[in-house]
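Structural features, examined
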Amino acid sequence: MTAVPTACAELTAADLAILDAVDEQALVDDLVGLLQVPSVTGTDAESELQHRQAAALAALGFDVDAWRLDLGELAAHPDFPGTEAPRVEGYGVVGTLGPAGVPALVLQGHVDVVPTGDLDHWLDRDPWSGAIRGSSVHGRGACDMKAGVAANLAVARAMVACGMRLERPLAVHAVVSEEDGGLGAFATMLRGHRGEAAVISEPTSGRIVVANAGALTFAIRVCGRATHGSTKSAGHSAFDAFLPVYAALAGLERERNAHPDALFDGNALPYPVSVGIVHAGDWASSVPDLLVAEGRLGVRLDEPPAAARAALEHTVAAACERDPWLCDHPAEVSWPGGQFASGRLDAAHPLVYEVAGSIAAVDRRGRGPPGRHGGRPLRQRPAALRRPGRHPHPPLRSGRRPPRPRAA
Ligand SMILES: [Zn+2]
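Keep in mind it's a predicted model, so treat the numbers as computed, not measured.

**Here's the deal with the overall build of the chain**
- Along the chain, the regular secondary structure elements total nine helices and 18 strands.
- Counted over contacts in the chain with a minimum sequence separation of 6, partners at least 24 positions apart contribute 81%.

Below you can see the structure in the form of structure tokens.
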């Protein structure tokens, strides 16, 4: 999202020892193993991966806190980020290495993935194969972000393998429910797990991302008047009624993206207003009397989520006032799913320079190519995202066979 200076840093003997201790084969094996578990948000498989991450960290000698999330308590919290997927359980996993105290660095990653979509778009129609073809590993979540989760574990393994004695703790966080609102990271913070700085190994096109837009899931309910299609003029289609609302949303999107922050580095649409689901009608020969549209509203940097919600609600209300049908049958807006704020880290924060310098130094040493870009909200602690990998959530997910982890 933003360019940062590539400060020069010299690799110390300790840095070189850690790099030389990275077990590339174990890293690839971990990634393939992660991909072969279909850890779609909210499923049992997501829990299975959390148990696996806890066991792996414990085997390395990390002090592991693995706990079952109290979903009811989390949902009642005033800052509850919302969820979208059905969920009956979830687990938090935090491993800490080194002396007591607040971790100097947190490496964080989520184990959940989004659903697979059309299987015909997948290699061999199998999103869970973890197949390696050439220099790429294929599978749902290879990019976002099981390669990052595997890289975090590779760092942990290398730290232990080279016998590094830490002056301050290192923590590795594995979280659930990132894809539907961020409940896992929220629960981890509430649990009291903090750090002075965090690197989230999301796919970022190889850039260091220090700011993220937020996103609010909305639902718009539009009523019509049902009648048989043969007597269409006696009714009013909810689908037709939605069209001026949809046009108003497009106007809101233009307005909110008129002057994008320079941090977005040329992205002309950093705050999309996107409708992802539209349900209307229940019979082909009936005029639909109800339409429900669900979508995602981008939250601007430094904008309170309440202000973003108010902007959309005002837009919908104004569109209804202008429309002869909707002024008597106004659309209703609700906010049923994931709700997360925007966030940013001061681009001058020392973490940014340290990560940039380390990347430059490792790249100079020839440890693999830079990658690409994506992101998650950064809140409550200095955090940066960085890992090779392509745009998140295309139908076909593939990640480069992971190079040695380089960030931090
Ligand atoms: Zn992700």
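**With respect to the pairing of strand β6 (residues 170-175)**
- The element β6 is largely enclosed, with a buried count of six among its six residues.
- Note that strand β2 (residues 91-97) and β6 share five bridges and pair antiparallel. Within β6, the position partnered with Gly 95 by the bridge is Val 172.
- As judged from the six bridges shared by strand β3 (residues 105-110) and β6, these two strands associate in the parallel manner. What sits directly across from Gly 109, in β6, is Ala 174.

**What about the packing of helix α7 (residues 238-256) against helix α8 (residues 305-322)?**
- Remark: α7 packs on α8, axes separated minimally by 9 Å, with the N-to-C direction vectors making an angle of 140 degrees. Classed by the angle they form, the pair α7 and α8 counts as oblique. Two packed elements cross with a definite hand, and for α7 against α8 that hand is right-handed. Contacts from Pro 244, Val 245, Ala 248, Leu 249 and Leu 252 of α7 reach α8 at Ala 311, Leu 312, Thr 315, Val 316, Ala 318 and Ala 319.

**A short note on the nonpolar core**
- Counting 59 residues, the largest nonpolar core has Ala 150 and Ala 154 as its most contacted members.
- The leading source of residues in this core is helix α5 (residues 142-161), at 13 residues.
- Formed by 28 residues, the second largest nonpolar core is a distinct cluster that contains Tyr 271, Leu 297, Leu 312 and Ala 319.

**Regarding the confidence of the model for the chain**
- For the chain, the average pLDDT comes to 88, and 87% of its residues sit at 70 or higher.
- Within the model, pLDDT remains below 50 along residues 1-6, and this stretch shows 22 contacts once partners closer than five positions in the same chain are excluded.
- With pLDDT under 50 throughout, residues 390-408 is counted as low confidence; its partners more than four residues away or in other chains account for 76 contacts.

**Thoughts on the environment of Val 355**
- Along the chain, Val 355 falls in helix α9 (residues 350-364).
- Of the residues examined, Val 355 has 24 C-beta atoms within 10 Å and is grouped as buried.
- As for Val 355 and Ile 208, which are separated by 147 residues in sequence, their C-alpha atoms are 8.1 Å apart.

**Topic: unusual backbone geometry**
- Note that the residue after Asp 144, namely Met 145, is joined by a cis bond; omega there is -10 degrees.
- Within the secondary structure, Met 145 is located in helix α5.
- Notably, Arg 125 is not glycine yet its phi reads approximately 55 degrees, a positive angle.
- Take Arg 125: it is sitting in the loop between β3 and β4 (132-133).
- In this structure Arg 125 comes out as exposed when scored by C-beta crowding, with 11 C-beta atoms within 10 Å.
- Here Ser 177, not a glycine, exhibits a phi torsion of approximately 60 degrees, which is positive.
- Among the secondary structure elements, Ser 177 is positioned in the loop between β6 and α6 (183-190).

**Quick word on the environment of Leu 49**
- Position of Leu 49 relative to the elements: it lies in helix α3 (residues 44-59).
- Taking the C-alpha atoms as reference points, Leu 49 and Val 37, twelve residues apart in sequence, are found 7.2 Å from one another.

**Things to note about the packing of helix α2 (residues 24-35) against α5**
- Where α2 meets α5, the axes come as close as 9 Å, and the angle between the chain directions of the two elements is 140 degrees. Between α2 and α5, the interaxial angle falls into the category oblique. The two elements α2 and α5 cross, and the hand of that crossing is right-handed. Contacts from Ala 26, Leu 27, Asp 30, Leu 31, Leu 34 and Leu 35 in α2 reach Ala 142, Lys 146, Ala 147, Val 149, Ala 150, Ala 151, Leu 153, Ala 154 and Arg 157 in α5.
- Its residues assigned to classes, the contact of α2 with α5 comprises twelve nonpolar, no polar and three charged.

**A word on α9**
- Taking 1.5 Å of rise per residue, 15 residues should cover 21 Å, and α9 covers 21 Å from first to last C-alpha, within 8% of that figure.
- Where α9 is concerned, the buried positions are Leu 351, Val 352, Val 355, Ala 356, Ile 359, Ala 361 and Val 362.

**As for the environment of Cys 320**
- Looking at the element boundaries, Cys 320 is found in helix α8.
- Distance in space between the C-alpha atoms of Cys 320 and Ala 331 is 6.9 Å, their sequence separation being eleven residues.
- Contacts of Cys 320, omitting those with residues within four sequence positions, involve Leu 326, Cys 327, Pro 330 and Ala 331.

How each quantity is defined
- Residues numbered from 1 in each chain as written.
- Predicted model: local features only at pLDDT ≥ 70, side-chain atom pairs only at ≥ 80, totals over all residues.
- Helix = DSSP H or I, 4+ residues; strand = E, 2+ residues; numbered from the N terminus.
- Contact = placed C-beta atoms within 7 Å.
- Buried ≥ 20, exposed ≤ 12 C-beta atoms within 10 Å, placed from the backbone.
- Pairing = 2+ DSSP bridges.
- Axes fitted to C-alpha atoms, helices over the stretch in contact; angles between N-to-C directions.
- Parallel < 35°, antiparallel > 145°, perpendicular 65-115°, else oblique.
- Left-handed = near helix turned anticlockwise from the far one by under 90°.
- Core = buried A, V, L, I, M, F, W, Y, C linked by C-beta atoms within 7 Å.
- pLDDT = per-residue confidence, 0-100.
- Nonpolar A, V, L, I, M, F, W, Y, C, P; charged D, E, K, R; others polar.
- Expected span 1.5 Å × (residues − 1).

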